[in-house]
Structure formats: C-alpha cells, structure tokens
There are 2 protein chains.
Amino acid sequence: MRIGKNTILTKNFPSISGFAAVAGEKEGQGPLGDMFDYLYKGDTDGEKSFEKAESKMQLDAAKRAMKKAGITPQDIQIAFAGDLLNQCIGTSYGLRELQIPFAGLYGACSTMAESIALASLMIDAKYATHALAVTSSHFCSSERQFRFPLEYGGQRPPTSQWTATASGAVVVSESSEPPYINAVSIGKIVDAGVTDINNMGAAMAPAAAETISGYFSDTNTSAEDYDLILTGDLAQVGSDLLLKLLDLEGISLQGRHNDCGIMLYDRKKQDVHSGGSGCGCSAAVLCADILKRIKEGRLHKVLFVATGALMSPTSNQQGESIPSIAHLIYLSDKKEEI
Amino acid sequence: MRIGKNTILTKNFPSISGFAAVAGEKEGQGPLGDMFDYLYKGDTDGEKSFEKAESKMQLDAAKRAMKKAGITPQDIQIAFAGDLLNQCIGTSYGLRELQIPFAGLYGACSTMAESIALASLMIDAKYATHALAVTSSHFCSSERQFRFPLEYGGQRPPTSQWTATASGAVVVSESSEPPYINAVSIGKIVDAGVTDINNMGAAMAPAAAETISGYFSDTNTSAEDYDLILTGDLAQVGSDLLLKLLDLEGISLQGRHNDCGIMLYDRKKQDVHSGGSGCGCSAAVLCADILKRIKEGRLHKVLFVATGALMSPTSNQQGESIPSIAHLIYLSDKKEEI
C-alpha cells in the first residue's frame, strides 16, 4: 500500500531468508573482519583481472545467500543486481551462469537498497516466491575506471572515500522468519550542485536527507521509533553533513545514526580517509552484520538508506555537478504495520 | 499471477496512457521519419556535448509522454529508466529536474522492455497509479564510448549496427484505454560464446530465442496467436539467426516477425549495414509506430521483445564473450487473460 508521497508499506511482509557477504583483505582487517562469510586473497584471488575477480565475488555472495536460504538458483524467479563498472559487467558476467530471470539495475552505491526494495515488492505482490538482490564493488576495478591507474599512486584528499572490495547478497522470500521488509521508499534524484568527485559524501548527503525526511513525513514516525538509521555510504564527511541538513529541517536522528562507510574500516588505522564507499560497502555491512543482528533479535527496527552518486568521469569532465539518490528499506524483526 | 517459469500475467491490465518518441536527423530520414513527435537538429541540437544532447532528448520524450497522458511529473510515483552510457548519465542528468522517485536500470538495448515490464508490475500491484518508463541512445555518444573516436572514421563491417539517436518514453497507468500490458516475461542472461563486438545481432539472437520460446511454453500460445512479434534490435543478421534458432526448436514465427533495427532505417539507402541498435532504437519504433497502431486498432496483439548485449569494451578486451538478455511484454488492444 502506498502512503504519503514516496513510501510503500508491504502487506505480506517479505522476509530475508538468506544473506551473505564476502570481502577483500583490507575489509577483513577492519572492525567487521570476522563477520564475513569469506575473505578473498590479494587483489584478484587468482583471477586474471580485477573485473573478473569482482564478478567471482558477486557470484560467490549470491550462491552463499541461496544456500543459506535453502534454495537453488532454479528457485529464484527474479534477480535484481548491479554494480559500479561500465555497463555493469561485474553483474552480467558474475550472474551469467545462474540462468535466472534477471533485471539489471544501475543505482551506483544505492544499488543494495534499490535491489532489495524491488525484490521485496515482487515478493509482496506475489509475482515471485524467491527473489535475489545482489551487488558488488572492487577497489582496483573502480579506482582505475573512475580515478587514476593504480600504478600512478594518485594522492587522495581527506574527503575521499575508499571503494570497498566486497559483495553482499540477499534472498527475499515469503517466509515467517525475520528480518522482514515492512516498508520501502524509492528516492528522487537530488543535485545540490557539488562538483568535487573527491567528495562523494557531500554530494550524496542531500539525497539521504531528502529520503529520510520524506519517509518520516510519509509514515508519521521519527528517529526515536527506530533502533538504527543506517546510511551507506556517506562516510564521515557526508554523515556530518547529513545530520546538519536534517537539523535545518528540525529533524534529529537522536544518536541513532551510523553509516556503512564508517563501520567497514578502522579510520584511524586503515588510511581510508573519510571512510568506505562502493556498492559493495553498504551491501557487505548489511549482510555481514546488520541482518544477523536483526535475525538474532539484537536489533529490532532499522532504516537502511543506501546512497548513490549518479555521475560519471565523462559528466564530471564536462563540468556537470553530481546528481545523487538514496533509497530506503525498513527492516524489522517483527511483521508490523506502521 | 505467475505462470510457467518466467511469465507474469497481469490481473489489472495496466495501460499505456501516454507515449512519445523523439529522434535525430538520420532517423527522421528513415521510413518512420514523419511519425516522431520531434526531430533533433544536427548531432547535438545546440547542446555542448553528445551526452548532454542525449539527456535533453530523454527528458523531452518523458515530458511529451506525460503531457499526452494528461499528467504532470508530480503524478508519476516511480520512473524506471536507463541508457547505454557509462553510469547511465543520459538518464541521471536527463531526468534530474523531474524530481520523481527513480529506479535506475541497466539492460543495454533491452531497457525499454525491462522498464515497461517493471512499470507495469508496479501499476498492476497498485503500488503506483502512474509509472514512467524511458530510455535513449545517441549515435555519437555511443560510438566514441564503445568503438572509436568519431574523427577516426573507423570502417564498419557488414554485420555492424548503427546506434540510433532517439528516445522513447511511456506512461503506464490504471486506465481503461489500450494499449494494455497483459503479460511480461523477464529474461535470463544467455551467452552463446559470440565474441565479435561488431556482430551484436548474433550475440543477442539466442537470448531472444530463449525468451520467446519460454513465453510460448509458459502461456501455451504460438506465433499465430499474435499479429506481430517485434524484436529489438537484432537487425538483419540477428533476425535471420533468430528464425533459424527457433526453427531448430520447431517454432515458426509464421511471417509475423519484424525487428526494430530493421524498421527504423532504410537499409538500401541509409548505410546502416545490418540495421539499427541502441536502447533508443526499440524505444523509438515502439513509441512512434507500434503503440499508435495498437491504440487505433490497426494492430491487436503484439509481443515486444527488446534484446540487450551486456558486455563492455573492457570485458571484450579481456577476451570475454558477449552475454545477452531479452525481456518480453505482451501488448494488446484488449484486456484479456491468456
């Protein structure tokens, strides 16, 4: 059921029946290191290119999520997936062998929320009994595509973020076990005029603010109704801005905010500057940590708000600012109407 | 309601309440030239870059479709859109000013069917009352991204296709006027091992064959139940292959097949080799010609099967073959259960 301007409440409370996260060495050395299902060795885990390594990770995460859900690829009736690479090749080559109906997405780093939102609606409307949502990113494939050749050793300014080498996958199903998806909000494209491609957090914070404030308004709820409002991936610079932007609207997140880009790395020791980013960052934090805590009843009500910057190197070189977007899903350990 | 393996029958028969197609000069000189809503001048219509010109086209098509549906952007509750450019910037910059909930897609040249399929399901499930589906391509922005700088004047082999400069948009709504979307099939990734990036038709034909044969099997129908089975964009080489592949399965399209890549240009006069391609090709043929004919009762039952090649220049340079996909929508001038 649609309420307010952008929010859809699910009526059948789709459930996440399986989830998995895999990551690279650096992510394995971070605070969530021992929570991943598998850690990849070196930059490619034996593959011939960074891109092939990313595809392998995405397939691996998808297979692990399906296994945990107790299903095979033949049970999946639709997959929603995407990544950061040009033409989303991390996904198309990664999921190729599964032979499942596939709807490709491009939402930059918002893809995990976009894919889970659409998968949930497919389950809620009974168009499918099992749907897959998966995304990935890889530091090396991203860095050379968006910024500089790795060998160049480009300097990174303090506002920059570190693209996570990671993949997360979830299976959304008709099931009576938590986590449940009780609501979703599809975001709008927001462009506050930021042009600095080394400050994605600043570009994406206005989109996160718009989606969160719109959701609170649509549902007549506030931060105190949730245990955690988890953005991804604003990192430290973007998170600080988000809180300021919401403050201007009279909205406080009341100490309940955290960000996947902050959670994935130890910023004091790991030289990631503002924090993590990349489709795989929020996907991995969600699937390695958050969903597990909801499933085990250690977290109850979570807003997962993944943010994406929708520019390209070409648009940046042509002087364009950075349009951004944020999609939201409301995860809970209980089926409940808002 | 889901039937068979991949097909969903709509129960509320979503309707296309508005549609529009805009295109470039070359498309204007083709057989459908006088059917477009607007023809752009030169390569950029006064914009500073090919990419900005593509964004302008996409916004224009979207606005025209909404106007014809008698609605404003505020009435659109979700937009599904994408294009061929890296990070889909044709779409993100094109639709930025509309301020509507947006789910970005990447389906290469299959995007028009993917976007209409998802928009239709949103309407069918009553998650929205109006949804937008839009896509675009531009010869110049594509050519320099996927192949060679335009100034290089690269030779094109006979199997190559010409990327259309065009955009098509539809508004899907709850309405009691045709065209109706009575069914959709979301395709699987199919890779027959083709590696020649100058022969997209051959790479995509197996995906079209799989989706069409799967749909016939799911619905227990055959080609004679439809007036037109319209693929896009296999062009001549791919279309010939499709008929052969289906023949091997004992399926005949009985003279009812046509292809958007064949329809958009006059191959004898326009030097497009095998025919047209690009997200905008099938979108423009559908929105300039086919939907009009269904609305006016000159066509009754149409399967629109848009095909996409999911490779990138990087994956090709790394020796990968070309994974492809085809999504199907069943358009009719009557609400009817299959």
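Just above, that's the structure.
Residues numbered from 1 in each chain as written. Chains lettered and ligands numbered in written order. Predicted model: local features only at pLDDT ≥ 70, side-chain atom pairs only at ≥ 80, totals over all residues. Heavy atoms only, no water.

**Comments concerning the nonpolar core**
Then, number 1: If you look at the biggest cluster of nonpolar residues, it comprises 130 residues, and the most contacted ones within it are F216 of chain A together with F216 of chain B.
Then, number 2: With 118 residues, the next largest nonpolar core counts I8, F19, Y127 and V302 of chain B among its residues. (Core = buried A, V, L, I, M, F, W, Y, C linked by side-chain atoms within 4.5 Å. Buried < 20%, exposed > 50% of the residue type's maximum accessible area, 1.4 Å probe, protein only.)

**Things to note about the interface of chain A and chain B**
Accessible area lost upon the coming together of the parts serves often as the stated size of an interface.
Then, number 1: The interface is formed by 59 residues belonging to chain A together with 59 residues belonging to chain B.
Then, number 2: Contact with chain B buries area across many residues of chain A, yet Q87, Y127 and I189 of chain A alone supply 18% of it, more than any other trio.
Then, number 3: Put simply, chain A and chain B have 6 salt bridges between them.
Then, number 4: Residues K52 of chain A and E320 of chain B are paired through a salt bridge, measuring 3.3 Å at the closest nitrogen-oxygen approach.
Then, number 5: Along the contact surface separating chain A from chain B lie 36 residue pairs in polar contact (both at pLDDT 80 or more).
Then, number 6: Among the elements of the structure, helix 2 (50-69), strand 5 (78-83), helix 3 (89-95), strand 6 (102-104), helix 4 (111-124), helix 5 (139-146), helix 10 (313-317) and strand 15 (324-332) of chain A are those that each provide at least two residues to the side of chain A that touches chain B.
Then, number 7: Sorting elements by how many residues they give to the side of chain A that touches chain B places helix 4 of chain A first, with 5 residues.
Then, number 8: Of the residues belonging to the side of chain A that touches chain B, the class tally is 31 nonpolar, 16 polar and 12 charged. (Contact = heavy atoms within 4.5 Å. Buried area = accessible area lost by both parts, 1.4 Å probe. Salt bridge = Lys/Arg side-chain N within 4 Å of Asp/Glu carboxyl O. Polar contact = N/O pair within 3.5 Å; in protein donor to acceptor, adjacent residues only side chain to side chain. Helix = DSSP H or I, 4+ residues; strand = E, 2+ residues; numbered from the N terminus. Nonpolar A, V, L, I, M, F, W, Y, C, P; charged D, E, K, R; others polar.)

**A few points about empty space enclosed by the protein**
Residue and element names in this part refer to chain A.
Then, number 1: Evaluated as defined, the whole model comprises 11 cavities of 30 Å³ or more.
Then, number 2: In this structure, the largest cavity occupies an estimated 210 Å³ of space.
Then, number 3: Contributing to the lining of the largest cavity are 20 residues, with C109, R147, M200, S277 and M311 lying nearest its centre.
Then, number 4: Taken together, the elements giving at least two residues each to the lining of the largest cavity come down to helix 5, strand 8 (161-163) and helix 6 (200-219). (1 Å grid on protein atoms, 1.4 Å probe; cavity = no way out; pocket = protein on both sides within 12 Å on 5 of 7 lines; lining within 4 Å. Points joined across faces, edges and corners; volume = space filled by probe spheres on them.)

**Thoughts on the relation of the copies chain A and chain B**
Then, number 1: Expressed as a screw transformation, the operator carrying chain A onto chain B has a rotation angle of 180 degrees and an axial translation of 0.0 Å, and the superposed copies differ by an RMSD of 0.0 Å. Such a combination of rotation and displacement between the chain copies is what one expects of a two-fold axis. Minimal C-alpha separation from the rotation axis in chain A is found for L105 of chain A, amounting to 2.0 Å.
Then, number 2: Here 100% of the interface residues in chain A have copies in chain B that are interface residues too; the copies meet face to matching face. (Least-squares fit on C-alpha atoms with pLDDT ≥ 70 in both.)

**Focus: the packing of helix 6 of chain A against helix 7 (residues 235-248) of chain A**
Residues and elements named next belong to chain A.
Then, number 1: Relative orientation of the contacting elements helix 6 and helix 7 amounts to 40 degrees, with a least axis distance of 8 Å. Taken together, helix 6 and helix 7 sit at an angle that is classed as oblique. At the point where helix 6 passes helix 7, the crossing takes the right-handed sense. Contact residues: G201, A202, A205, P206, A208, A209, I212 and S213 in helix 6; G238, L241, L242, L245 and L246 in helix 7.
Then, number 2: The residue inventory of the contact of helix 6 with helix 7, partitioned by class, reads 10 nonpolar, 3 polar and no charged. (Axes fitted to C-alpha atoms, helices over the stretch in contact; angles between N-to-C directions. Parallel < 35°, antiparallel > 145°, perpendicular 65-115°, else oblique. Left-handed = near helix turned anticlockwise from the far one by under 90°.)

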